[in-house]
Each structure stands twice: as C-alpha cells, then as structure tokens.
Amino acid sequence: MAFDPASLTYDARGLVPAIAQDHATGEVLMMAWMNAEAVARTLETGRVTYWSRSRQSFWVKGETSGHIQRLVELRIDCDRDCLLLLIEQVGPACHTHRRSCFYTAVREGAEQIILAPMG
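The rules we used
Residues numbered from 1 in each chain as written. Predicted model: local features only at pLDDT ≥ 70, side-chain atom pairs only at ≥ 80, totals over all residues. Heavy atoms only, no water. Buried < 20%, exposed > 50% of the residue type's maximum accessible area, 1.4 Å probe, protein only. Helix = DSSP H or I, 4+ residues; strand = E, 2+ residues; numbered from the N terminus. Arc of directions from axis to C-beta. Contact = heavy atoms within 4.5 Å. Core = buried A, V, L, I, M, F, W, Y, C linked by side-chain atoms within 4.5 Å. Pairing = 2+ DSSP bridges.

**Description of helix H1 (residues 36–45)**
Then, in step 1: Those residues of H1 that sit buried are Ala38, Val39 and Thr42. Along the axis of H1, the buried positions cluster into a sector of 100 degrees, meaning they face one direction only.
Then, in step 2: Here the buried face of H1 lies against strand S2 (28–34), strand S3 (49–52), strand S4 (57–60), strand S5 (69–76) and strand S6 (83–89).
Then, in step 3: Positioned one or two residues after H1, Gly46 has a phi angle of 80 degrees, which is positive.

Structure follows, in structure tokens:
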C-alpha cells in the first residue's frame with residue numbers, strides 16, 4: 001500500500017512532530033515539525049525537510065550549515081501523529097553546534113550540560 005502524507009494526523013496548524021534519531025547509534029538528535037509537504041519532500045529527495053514555525057517556510061536541514069540529514073527510514077507511531085526519522089547526520093544536529101539538541105540533563109534536581117559543542 002502506497003504511503004500518503006495526508007494520512008497522518010496533524011495538529012490544528014497542520015504540523016506533526018518529527019524526532020530525528022541516528023540510524024546507527026540510536027541517539028536522539030533533535031525534534032522539529034513537519035507538514036504534509038515537508039514529509040513529501042523528504043521522501044522524494046532523501047534530504048530531511050522540516051517546517052520552520054518561526055520563519056513560516058520549509059527548512060532543509062543543513063542547507064546553509066552543511067550539517068545535512070539524510071533519511072534512512074521514516075517511521076510512523078501508532079496514532080499516526082508523530083514521526084521518527086532514522087537519519088544519517090553530517091556534523092552537529094543542534095544549532096548550538098552540539099551533536100544533539102538534548103544536551104541538558106536534570107540530575108539530582110539541577111540542570112547539567114552533558115554535551116559540549118563540536119569542534
């Protein structure tokens with residue numbers, strides 16, 4: 001059965017959360033938003049494309065930074081309202097130049113930075 005991006009469950013803004021995970025290590029790298037067109041573009045090109053809520057435009061990850069995300073596999077959760085993108089990440093995923101956007105941990109009630117920026 002062919003996949004149709006319109007078959008996903010989008011929020012009131014027409015968006016679905018997308019979690020980017022390194023396909024080889026399982027490391028969760030970032031979360032962003034996609035609309036149906038971003039999903040279609042990602043599947044068509046193999047380059048992960050998100051919807052930027054702040055810019056109200058498409059955002060091809062790495063288009064300006066060179067830190068691209070190549071789609072290995074797209075997975076859909078049971079409610080069809082969240083995506084898991086198994087990707088190959090080139091360079092840091094986070095705009096802070098860290099490997100992952102999830103670089104702050106809460107340990108013993110305090111925030112602790114656990115990842116330094118990459119080179």
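**Digging into the nonpolar core**
Then, in step 1: Ranked by internal contacts, the top residues of the largest apolar core, which has 18 residues, are Met34, Tyr50, Leu83 and Leu85.
Then, in step 2: Broken down by secondary-structure element, the contributors of at least two residues to this core are strand S1 (16–22), S2, H1, S5 and S6.
Then, in step 3: At four residues, the largest contribution of residues to this core is made by S2.

**Let's talk about the pairing of S6**
Then, in step 1: Among the seven residues of S6, five are classified as buried, and the element is accordingly described as predominantly covered.
Then, in step 2: One ladder, built from five bridges, connects S1 with S6; its direction is parallel. Opposite Ala18, over in S6, you have Leu83 as the bridge partner.
Then, in step 3: In the sheet, S5 pairs with S6 via seven bridges, with the strands oriented antiparallel. Each bridged residue has a counterpart across the sheet, and for Arg70 the counterpart in S6 is Glu88.
Then, in step 4: Taking the residues between adjacent antiparallel strands as the criterion, S5 and S6 are bridged by six residues, where Arg80 takes a positive phi near 60 degrees.

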